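A look at the structure
Next come the chains, spelled out residue by residue.
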Amino acid sequence: MDKKKEVDDMEPGPALSRSLDRVGFIKTEQSNSPEGTLKSRPAHECGREERRIRKWRKMIGAGGSDWKHYVRRNPHVVKRRIRKGIPDCLRGLVWQLISGSRDLLLMNPGVYETLVIYETSTSELEIIRDISRTFPSHIFFQQRHGTGQRSLYNVLKAYSVYDRDVGYVQGMGFIAGLLLLYMSEEDAFWLIVALLKGAVHAPMEGLYQSMKVVFQVGLALLRFCHDDLVKLPFEELLHSLRNFPDEATDPDTLLPLALSFKVSSHLEELEKDYRKRLEGPNASSSNKRLQPLRSTMNGAGSQPLSNLSVGKK
């Protein structure tokens, strides 16, 4: 009986014995082919990554203790290193430092636990329905009622209670799921709050910049792989666009190329239109609701990276 229950608790899908890629997703048969297999990184690249990690550790200090001081003294260095790419092993901590979510967590002890344990949400059934659809091929979220799905439910439920105006929005699980791969439940929750409500940055600040970067990165990938893509038959094109080679996604190569593209000013017009819609009839009540949170962050001492100047490489 216990064995049957154990089987039932697993989401249908690929067996766990199948090979995983470097971030925990189960490889498809195509990616297991010789052409799709990731090659091990050369020794000189591993050495370069280790040097980058040492630089970042020195920059942020133990547990992020030196971060604010370093940002104030060397803003151009911080921005340049972020654009090159944050080392994977430090992303969880650095994201919290950049967003200001670490300050929110420290100033609100016990709030997350209260939201998860003692509050109820009208979105609970909707969240439960969508849990199994969030990264279904990732090892952490595959087991029904497993650690990954429980953590994801807790974060989404807590935010739907914390911000009842927004509640739960379909697709929010993918943001929370990504954060949970790098940090704890409580850290992930406060990072979502910092992004949507505003901590170091204004609420949703960077949306337009993010759109620009998405376009720029897409153009850079197409430019880098142009010669190979134009030779492919249409049937193979979609697979290739989902599986760019490692050298194309290397941040040291991709980001400088992406940032060299100039994006049309039409995006600015779209951004202005978006802001006008936000300033509709509900804007005043929304701003009043956000005022306490904003005021608590005024003394946080963090400097928004959007105001940092870019130095020479």
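The following paragraphs examine the structure supplied in this document. (Residues numbered from 1 in each chain as written. Predicted model: local features only at pLDDT ≥ 70, side-chain atom pairs only at ≥ 80, totals over all residues. Heavy atoms only, no water.)

1. So, the overall build of the chain
Per the secondary structure count, the chain includes 18 helices and 0 strands. Among the 313 residues that make up the chain, the fraction classed as buried is 35%. The long-range fraction of contacts in the chain, counting pairs at least 24 apart against all pairs at least 6 apart in sequence, stands at 73%. With an accessible surface of roughly 19,600 Å², the chain has 55% of that area assigned to carbon and sulfur atoms. (Helix = DSSP H or I, 4+ residues; strand = E, 2+ residues; numbered from the N terminus. Buried < 20%, exposed > 50% of the residue type's maximum accessible area, 1.4 Å probe, protein only. Contact = heavy atoms within 4.5 Å. Areas by Shrake-Rupley, 256 points an atom, 1.4 Å probe, with all protein chains shown as cover.)

2. So, the packing of aromatic side chains
In this description, an aromatic ring pair is defined by two values, namely the gap between the centres and the angle between the planes. Taken as a whole and judged by the stated rule, the model has 11 aromatic pairs. Ring centres of Phe140 and Phe141 lie 5.0 Å apart, and the angle between their planes is 70°; on these two criteria the pair is classed as edge-to-face. Look at Phe140 and you get partly exposed, because its relative accessible area is 29%. A network of ring pairs unites the aromatic residues Phe25, Phe135, Phe140, Phe141 and Phe174 as a single cluster. (Phe/Tyr/Trp six-rings, centres within 6.5 Å; stacked < 30°, edge-to-face > 60°.)

3. Observations concerning the environment of Phe224
Within the secondary structure layout, Phe224 lies in helix H12 (residues 207-224). Phe224 sits 20 residues away from Phe244 along the chain, and the two C-alpha atoms are 9.8 Å apart. In this structure, Phe224 is in contact with Glu247, Ala248, Thr253 and Leu257, ignoring residues within four places of it in sequence.

4. Overview of the nonpolar core
One finds Tyr112, Leu152, Val155, Leu156, Phe189 and Trp190 to be the most contacted residues of the largest nonpolar core, which totals 29 residues. Setting aside its immediate chain neighbours within four residues, Trp190 contacts Ser101, Leu104, Leu105, Asn108, Val111, Tyr112 and Tyr162. One finds Ile53, Ile60, Val94 and Ile98 within the second-largest nonpolar core, a separate group that totals 13 residues. (Core = buried A, V, L, I, M, F, W, Y, C linked by side-chain atoms within 4.5 Å.)

5. What to know about unusual backbone geometry
The phi dihedral of Phe135 falls on the positive side, at around 45°, and the residue is not glycine. A residue is classified by how much of its surface remains accessible, and Phe135, at 18% relative accessible area, is buried.

6. So, the side chain of Asp130
Looking at the secondary structure, you find Asp130 in helix H8 (residues 124-131). Assessed through its relative accessible area of 4%, Asp130 is described here as buried. Only 2.8 Å separates the side chain of Asp130 from the side chain of Tyr168, close enough to count as a polar contact. Once residues lying within four places of it in the same chain are set aside, the contact partners of Asp130 are Tyr168 and Gln170. (Polar contact = N/O pair within 3.5 Å; in protein donor to acceptor, adjacent residues only side chain to side chain.)

7. Describing the packing of helix H9 (residues 147-162) against helix H11 (residues 185-197)
The N-to-C vectors of H9 and H11 enclose an angle of 40°; their axes lie 10 Å apart at closest approach. Regarding the angle of H9 to H11, the classification is oblique. Of the two possible hands of crossing, H9 and H11 adopt the one that is right-handed. Within the contact between the two elements, H9 uses Ser151, Asn154, Val155, Ala158, Tyr159 and Tyr162 and H11 uses Glu185, Ala188, Phe189, Trp190, Ile192, Val193, Leu196 and Lys197. Classifying every residue of the contact of H9 with H11 by side-chain character gives 10 nonpolar, 2 polar and 2 charged. (Axes fitted to C-alpha atoms, helices over the stretch in contact; angles between N-to-C directions. Parallel < 35°, antiparallel > 145°, perpendicular 65-115°, else oblique. Left-handed = near helix turned anticlockwise from the far one by under 90°. Nonpolar A, V, L, I, M, F, W, Y, C, P; charged D, E, K, R; others polar.)

8. A closer look at H9
Taking 1.5 Å per residue, 16 residues should reach 22 Å; H9 reaches 22 Å between its end C-alpha atoms and fits that length. In terms of burial, H9 is a largely internal element, 13 of the 16 residues being buried. (Expected span 1.5 Å × (residues − 1).)

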